[in-house]
Amino acid sequence: MSVAQTFLAEGVTGNLGSIGYGLAAIGPGIGVGIVFGNGTQALARQPEAAGLIRANQILGFAFCEALALIGIVMGFVFRA
């Protein structure tokens, strides 16, 4: 393998990691949208249950964001 090929392979590895995290962040982004969209619908249908619905929204948001943070950490853990 020549020096140019080695340099190119090292450069592509870092870029693929960034692209991989970008793709991994799509899932939590969709999850957060679903959590708050359904929470807003639930609040519109039953305003008297606002406290319970809001607590469940915050819990769902925390779980979705935890997945995004795990995605960031995995990039450092499995670094080649």
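Remember, it's a predicted structure, so these values are computed and weren't measured experimentally.

S.K.: Help me understand the overall build of the chain in this model?
M.R.: Regarding its fold elements, the chain presents three helices and zero strands. Of all 80 residues assigned to the chain, the portion counted as buried reaches 14%. Carbon and sulfur atoms provide 72% of the accessible area of the chain, an area that totals close to 6100 Å².

S.K.: Just to check I follow, could you spell out the packing of helix α2 (residues 26–45) against helix α3 (residues 50–77) for this structure?
M.R.: Packed helix pairs are characterised by how far apart their axes lie and by the angle those axes make with each other. Where α2 meets α3, the axes come as close as 9 Å, and the angle between the chain directions of the two elements is 175 degrees. The angle between α2 and α3 falls in the class roughly antiparallel. Each of Pro28, Gly31, Val32, Val35, Phe36, Gly39, Thr40, Ala42 and Leu43 in α2 lies in contact with α3, whose residues at this interface are Ala50, Ile53, Gln57, Gly60, Phe61, Cys64, Glu65, Leu67 and Ala68.

S.K.: Explanation requested: a nonpolar patch on the surface in the structure shown.
M.R.: A cluster of nonpolar side chains, contributed by Leu67, Leu69, Ile70, Ile72, Val73, Met74, Phe76, Val77 and Phe78, occupies part of the molecular surface with about 910 Å² of accessible area. In this structure, Phe76 sits in helix α3.

S.K.: Explanation requested: α2 in the structure shown.
M.R.: Spanning 20 residues, α2 covers 29 Å between terminal C-alpha atoms, matching the ideal 28 Å at 1.5 Å per step. Among the residues making up α2, those that are buried are Pro28, Gly31, Val32 and Gly39. End-on, the buried residues of α2 take up no more than an arc of 100 degrees, which puts them together on one face. Of the residues in α2, the exposed ones pointing more than 90 degrees away from the buried face are Thr40, Ala44 and Arg45.

S.K.: Help me understand the side chain of Gln57 in this model?
M.R.: For Gln57, the position within the fold is in helix α3. Residues within four places of Gln57 in sequence aside, it is in contact with Val35, Phe36, Gly39 and Thr40.

Conventions adopted
- Residues numbered from 1 in each chain as written.
- Predicted model: local features only at pLDDT ≥ 70, side-chain atom pairs only at ≥ 80, totals over all residues.
- Heavy atoms only, no water.
- Helix = DSSP H or I, 4+ residues; strand = E, 2+ residues; numbered from the N terminus.
- Buried < 20%, exposed > 50% of the residue type's maximum accessible area, 1.4 Å probe, protein only.
- Areas by Shrake-Rupley, 256 points an atom, 1.4 Å probe, with all protein chains shown as cover.
- Axes fitted to C-alpha atoms, helices over the stretch in contact; angles between N-to-C directions.
- Parallel < 35°, antiparallel > 145°, perpendicular 65-115°, else oblique.
- Contact = heavy atoms within 4.5 Å.
- Patch = residues over 30% accessible without salt bridge, like charges linked within 9 Å, V, L, I, M, F, W, Y side chains within 5 Å.
- Salt bridge = Lys/Arg side-chain N within 4 Å of Asp/Glu carboxyl O.
- Expected span 1.5 Å × (residues − 1).
- Arc of directions from axis to C-beta.

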